[in-house]
Amino acid sequence: MSRPWIILKLILGLLWGIIHLAISLFNLWSLLIYNLECYLISSGLLRKYRYLNLDRLKSLAIVVDSKEAKNTMKIRQLLCWLSTMGVKYICLYDIEGVLKKSFEPAMKGSRDGKAGEYLGFDASISHSSHKDLVVECISGSDGKEGIAKAANLLCSTYLNGDTHGNGKREPAFTEADMASSLKAVGCGGPEPDLLLMYGPARCHLGFPAWRLRYTEIMHMGPLKSMKYGAIVKALYNFSKKYQNYGK
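Residues numbered from 1 in each chain as written. Predicted model: local features only at pLDDT ≥ 70, side-chain atom pairs only at ≥ 80, totals over all residues. Heavy atoms only, no water.

Q: Before we move on, could you go through a nonpolar patch on the surface and cite the residues and values that matter?
A: Together, Trp 5, Ile 7, Leu 8, Ile 11, Leu 12, Leu 14, Leu 15 and Ile 18 line one region of the surface with nonpolar side chains, adding up to about 780 Å² of accessible area. The residue Leu 8 is located in helix 1 (residues 3-42) in this model. (Patch = residues over 30% accessible without salt bridge, like charges linked within 9 Å, V, L, I, M, F, W, Y side chains within 5 Å. Areas by Shrake-Rupley, 256 points an atom, 1.4 Å probe, with all protein chains shown as cover. Salt bridge = Lys/Arg side-chain N within 4 Å of Asp/Glu carboxyl O. Helix = DSSP H or I, 4+ residues; strand = E, 2+ residues; numbered from the N terminus.)

And the structure:
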């Protein structure tokens, strides 16, 4: 190997090391700033985050990676925080149905779907708003399978509605028809105004797409690293966004 080639390799290796170090330092600095901001928000030292206007937040969706969804303590803490902040309707989702298995028994024991008294919130952090919290649990089976069931119901309703072949008209299914069919097969629900994603992937992991037409989506990082201040900031940023729904 010639001398110039060795020198070139050393220079390129040095440049790669410098770039890698710069990126690592930038990521470390960003993480420190993020943690400091979350701490200041949690402590109430940043005045603009003290009062949240959640009038536009009628429904909130939480998407969790199925591996992290097994940490029910974190999920309960998250629900408690959101309820204390004033969120009234929460849709929990993971693709494998881990959350369904963990929380649906409590939902069945709840009147009108109000789950505050059935999710085991610690009495030391109890709040009257917990009693008004409504929690919906869905999984991947409520996605493609749900739309297939709703389509089958629409078709069977159409076919049974007119058994005379000559009198049949071309089916004209409306959005309202599909919404009512989804509700009839147990896969309907309000469209979330905001969706918070917890996990390594920056995607909604198969959350029913027909419920995300106008949804604001935010990635929150791993569930194990969730912070109260980060949730407050997400809700605050949502309250300041302008959504243009068109005509």
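Now, onward.
Q: Can you explain the UniProt feature "transmembrane region" (unreviewed entry) in the protein? Please cite residues and give values.
A: Per the UniProt entry, the sites bearing "transmembrane region" (unreviewed entry) are residues 7-26 in this numbering. Helix makes up 100% of residues 7-26 and strand 0%, whereas the separation of the span's terminal C-alpha atoms amounts to 29 Å. (UniProt positions renumbered as here; feature names shortened; annotations may be inferred.)

Q: Can you break down the pattern of salt bridges residue by residue, with the values?
A: Scanning the model with the defined rule gives four salt bridges in all. The salt bridge partner of Glu 136 is Arg 211, with a shortest N-O separation of 3.0 Å. Taken as a pair, Glu 136 in strand 3 (residues 134-138) and Arg 211 in the loop between strand 4 (194-198) and strand 5 (216-219) lie far apart in primary sequence, 75 residues in all. In this structure, Glu 136 and Arg 211 share a single accessibility class: buried. Glu 216 is the salt-bridge partner of Lys 241, the closest N and O atoms lying 3.8 Å from each other. (Buried < 20%, exposed > 50% of the residue type's maximum accessible area, 1.4 Å probe, protein only.)

Q: Can you tell me about helix 2 (residues 72-85), naming the residues and giving the values?
A: The periodicity of an α-helix, 3.6 residues per turn, causes residues three or four places apart in sequence to face the same way. Here helix 2 is 14 residues long and its end C-alpha atoms lie 20 Å apart, about the 20 Å a rise of 1.5 Å per residue gives. Immediately downstream of helix 2, the backbone of Gly 86 shows phi near 115 degrees, a positive value. (Expected span 1.5 Å × (residues − 1).)

Q: Mind laying out the environment of Leu 195, listing which residues take part and the relevant values?
A: For Leu 195, the position within the fold is in strand 4. Along the chain, Leu 195 and Ala 61 lie 134 residues apart, while their C-alpha atoms are 4.6 Å from each other. If near-sequence neighbours (up to four positions away) are discounted, Leu 195 is found in contact with Ala 61, Val 63, Phe 207, Leu 212, Thr 215, Glu 216, Ile 217 and Met 218. (Contact = heavy atoms within 4.5 Å.)

Q: How would you sum up the pairing of strand 2 (residues 89-93)? Please name residues and give values.
A: Of all five residues in strand 2, four are buried; the element is thus mostly enclosed. As paired strands, strand 1 (residues 60-64) and strand 2 are joined by four bridges and run parallel to one another. Within strand 2, the position partnered with Val 63 by the bridge is Tyr 93. Sheet topology note: the strand 2/strand 3 ladder contains five bridges and is parallel. Across the sheet, residue Cys 91 finds its bridge partner in strand 3, namely Glu 136. (Pairing = 2+ DSSP bridges.)

Q: So what's going on with the pairing of strand 1? Which residues, and what values?
A: Within strand 1, five of the five residues are buried, leaving the element largely enclosed by the surrounding structure. The two faces of strand 1 match: Leu 60, Ile 62 and Val 64 on one face and Ala 61 and Val 63 on the other face are all buried. As paired elements, strand 1 and strand 4 share five bridges and run parallel to each other. What sits directly across from Ile 62, in strand 4, is Leu 196.

Q: Describe the sheet that holds strand 2, and please don't skip the residues or the numbers.
A: Reading across from one edge, 3-2-1-4-5 is the order of the five strands in this open sheet, with parallel pairing throughout. Looking along the sheet, the strands with just one partner apiece sit at the ends: strand 3 and strand 5. Across the sheet, the axes of successive neighbouring strands diverge by a mean angle of 20 degrees, strand direction being ignored. The strands touched by helix 6 (residues 228-239) within the sheet are strand 4 and strand 5, with strand 4 carrying the most contacts at an inclination of about 150 degrees. (Axes fitted to C-alpha atoms, helices over the stretch in contact; angles between N-to-C directions.)

Q: So what's going on with the packing of helix 1 against helix 6? Which residues, and what values?
A: As a packed pair, helix 1 and helix 6 sit with axes 7 Å apart at the nearest point and diverge in direction by 80 degrees. Between helix 1 and helix 6, the angle falls in the class roughly perpendicular. Contact residues: Tyr 34, Glu 37, Cys 38, Ile 41 and Ser 42 in helix 1; Tyr 228, Gly 229, Ala 230, Val 232 and Lys 233 in helix 6. Classifying every residue of the contact of helix 1 with helix 6 gives six nonpolar, two polar and two charged. (Parallel < 35°, antiparallel > 145°, perpendicular 65-115°, else oblique. Nonpolar A, V, L, I, M, F, W, Y, C, P; charged D, E, K, R; others polar.)

Q: Report on the packing of aromatic side chains, specifying residues and quantitative values.
A: This model, assessed by the stated rule, comprises three aromatic pairs. When the centroid spacing of 5.4 Å and the interplanar angle of 70 degrees are considered together, the rings of Tyr 93 and Phe 207 count as edge-to-face. Separated by 114 residues along the polypeptide, Tyr 93 in strand 2 and Phe 207 in the loop between strand 4 and strand 5 bring together distant segments of the chain. By the burial criterion, Tyr 93 is buried, and Phe 207 matches it. Over the aromatic face of Phe 238 sits the side chain of Arg 56, whose NZ or CZ is 4.8 Å from the ring centroid. (Phe/Tyr/Trp six-rings, centres within 6.5 Å; stacked < 30°, edge-to-face > 60°. Lys NZ or Arg CZ within 6 Å of the ring centre and 35° of its normal.)

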